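Structure assessment
Next come the chains, spelled out residue by residue.
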Amino acid sequence: DETYDKVFRGVFFVKNRLLKGNVCAEQQFDILIDDNLDILLDTKKKSPNTQIILFQGDPSYENPKVDKIDQGFVANSWDDIYKIISTNTDQDRIR
């Protein structure tokens, strides 16, 4: 979708959940979107400059839904993610 192409410069997948925080720190990623709050909080410890977004928009999302998280954002749809990123980041440096 063209809208999302304007926001995201790339997508990086890490299968091993225990390594996500390390990869974000090593690659100096600006944003991590995940549906697991523990992974996001671990990432924030390892990579404090990485913005974290808890994604609760998947119909198969099984964790208890929350309204907010410390040091991050909550998104219930991909449109929410777009709004969060487009209003809370420096668009010229997202990776």
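Structurally, the position occupied by Asp-30 is in the loop between helix H2 (20-27) and strand E1 (31-34). With a relative accessible area of 9%, Asp-30 lands in the buried category. Taking the C-alpha atoms as reference, Asp-30 lies 5.9 Å from Gln-51; in sequence the two are 21 residues apart.

A regular strand places its side chains on the two faces of the sheet in alternate fashion. Both E1 and strand E2 (residues 51-55) contribute to a ladder of 4 bridges, which runs parallel. Directly across from Leu-32, in E2, lies its bridge partner Ile-52. This β-α-β element, E1 to helix H3 (residues 37-46) to E2, shows right-handed connectivity.

A few words now on the side chain of Gln-56. On the secondary structure map, Gln-56 appears in the loop between E2 and strand E3 (72-75). Contacts of Gln-56, omitting those with residues within four sequence positions, involve Tyr-61, Pro-64, Lys-65, Val-66, Val-74, Ala-75 and Asn-76.

Another aspect to go through is H3. Buried within H3 are the following residues: Ile-39, Leu-40, Thr-43 and Lys-44. Viewed along the axis of H3, the buried residues span an arc of 135°, placing them on a single side of the element. Opposite the packed face of H3, turned more than 90 degrees from it, sit the exposed residues Asp-38 and Lys-45. By the N-cap criterion, in which a side-chain oxygen at the helix start approaches the backbone nitrogen of a residue two or three places on, H3 is capped by Asn-36, the distance to Asp-38 being 2.9 Å.

Strand order across the open sheet formed by 3 strands is E1-E2-E3, with parallel pairing between neighbours. Both edges of this open sheet fall to E1 and E3, since each of them pairs with a single strand only. With direction set aside, neighbouring strand axes in the sheet form an average angle of 20°. H3 contacts E1 and E2 of the sheet and is inclined by roughly 180° relative to E2.

The rules behind the values
Residues numbered from 1 in each chain as written. Predicted model: local features only at pLDDT ≥ 70, side-chain atom pairs only at ≥ 80, totals over all residues. Heavy atoms only, no water. Helix = DSSP H or I, 4+ residues; strand = E, 2+ residues; numbered from the N terminus. Buried < 20%, exposed > 50% of the residue type's maximum accessible area, 1.4 Å probe, protein only. Pairing = 2+ DSSP bridges. Right-handed = clockwise from strand over helix to strand, strands pointing away. Contact = heavy atoms within 4.5 Å. Arc of directions from axis to C-beta. Polar contact = N/O pair within 3.5 Å; in protein donor to acceptor, adjacent residues only side chain to side chain. Axes fitted to C-alpha atoms, helices over the stretch in contact; angles between N-to-C directions.

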